[in-house]
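# Structural overview for review
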Amino acid sequence: HSDCNEGNFCAPDWSAKIYPGVCADCYEADPSTRQFLIEKKGRTYLSQGGDEFWDEASQHCNDTDTMPTLCDHYINSREAMSGGGFLVLIFSAFVALIPTVQDQDQSHEESIVMAILRARSPLFYISNRLRMYAIPALVVAGSAALILSERFTAQNFLLN
């Protein structure tokens with residue numbers, strides 16, 4: 001459980017594997033909350049692990065979870081982030097988005113040609129739509145997940 005960030009514990013992943021599991025917020029380790037999630041929300045993977053595993057998770061969470069209703073990792077990282085780190089985050093976001101927007105713009109220009117070629121080449125149509133919509137969305141989602149998984153420091157923003 002100590003491999004996860006503060007306020008988190010190592011929970012079974014969606015395929016019910018405990019090792020390696022996924023880091024989850026400590027609210028899932030509470031027995032009543034876990035039972036509710038299993039019965040009402042269909043998260044059957046939370047029933048894996050046995051009583052000893054969940055007792056250890058509850059104990060770990062009781063020892064480390066300082067903000068039970070909030071995500072400790074994000075709150076602590078946000079509070080520790082300096083003004084310089086925030087500027088690096090904004091700058092990094094713009095630098096990462098510029099090529100994506102340029103590719104999206106080029107793809108839009110190609111969509112004019114696509115109107116002519118659509119009937120002849122459905123593959124061109126599909127690849128163009130992926131470039132316009134799917135790739136930018138995946139880049140943003142992947143970047144956000146990578147940045148949010150680590151401490152909010154200028155070094156992590158630049159390296160990630």
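Every value quoted in this text rests on a predicted model; they were computed, and no experiment measured them.

### Focus on the overall build of the chain
When you go through the chain residue by residue, the secondary structure sums to six helices and two strands. The long-range fraction of contacts in the chain, counting pairs at least 24 apart against all pairs at least 6 apart in sequence, stands at 53%. Of the roughly 10600 Å² of accessible surface on the chain, a fraction of 61% belongs to carbon and sulfur atoms.

### Considering the side chain of Thr100
For Thr100, the position within the fold is in helix 4 (residues 83-117). What makes Thr100 buried here is its relative accessible area of 14%.

### Comments concerning the nonpolar core
One finds Phe9, Ala29, Leu46, Trp54, Ala57 and Cys61 to be the most contacted residues of the largest nonpolar core, which totals 13 residues. The element that contributes the greatest number of residues to this core is helix 2 (residues 50-64), accounting for four residues. Every residue in contact with Trp54, bar those within four places of it in the chain, is listed here: Phe9, Pro12, Glu28, Ala29, Arg34, Leu46, Gln48 and Gly49.

### Some remarks on a negative patch on the surface
On the surface, Asp51, Glu52, Asp55 and Glu56 cluster together into a negatively charged patch. Inspection of the secondary structure puts Asp55 in helix 2.

### A few points about helix 5 (residues 122-148)
The first and last C-alpha atoms of helix 5 sit 38 Å apart over 27 residues, in line with the 39 Å expected at 1.5 Å per residue. Approximately 40° is the largest bend angle found in helix 5, and it occurs at Arg131. Of all the residues in helix 5, the buried ones are Asn128, Met132 and Pro136.

Calculation notes
- Residues numbered from 1 in each chain as written.
- Predicted model: local features only at pLDDT ≥ 70, side-chain atom pairs only at ≥ 80, totals over all residues.
- Heavy atoms only, no water.
- Helix = DSSP H or I, 4+ residues; strand = E, 2+ residues; numbered from the N terminus.
- Contact = heavy atoms within 4.5 Å.
- Areas by Shrake-Rupley, 256 points an atom, 1.4 Å probe, with all protein chains shown as cover.
- Buried < 20%, exposed > 50% of the residue type's maximum accessible area, 1.4 Å probe, protein only.
- Core = buried A, V, L, I, M, F, W, Y, C linked by side-chain atoms within 4.5 Å.
- Patch = residues over 30% accessible without salt bridge, like charges linked within 9 Å, V, L, I, M, F, W, Y side chains within 5 Å.
- Salt bridge = Lys/Arg side-chain N within 4 Å of Asp/Glu carboxyl O.
- Lys, Arg positive; Asp, Glu negative; His and termini not counted.
- Charge placed at Lys NZ, Arg CZ, Asp CG, Glu CD.
- Expected span 1.5 Å × (residues − 1).
- Bend = angle between axes of the 7 residues up to and from the residue.

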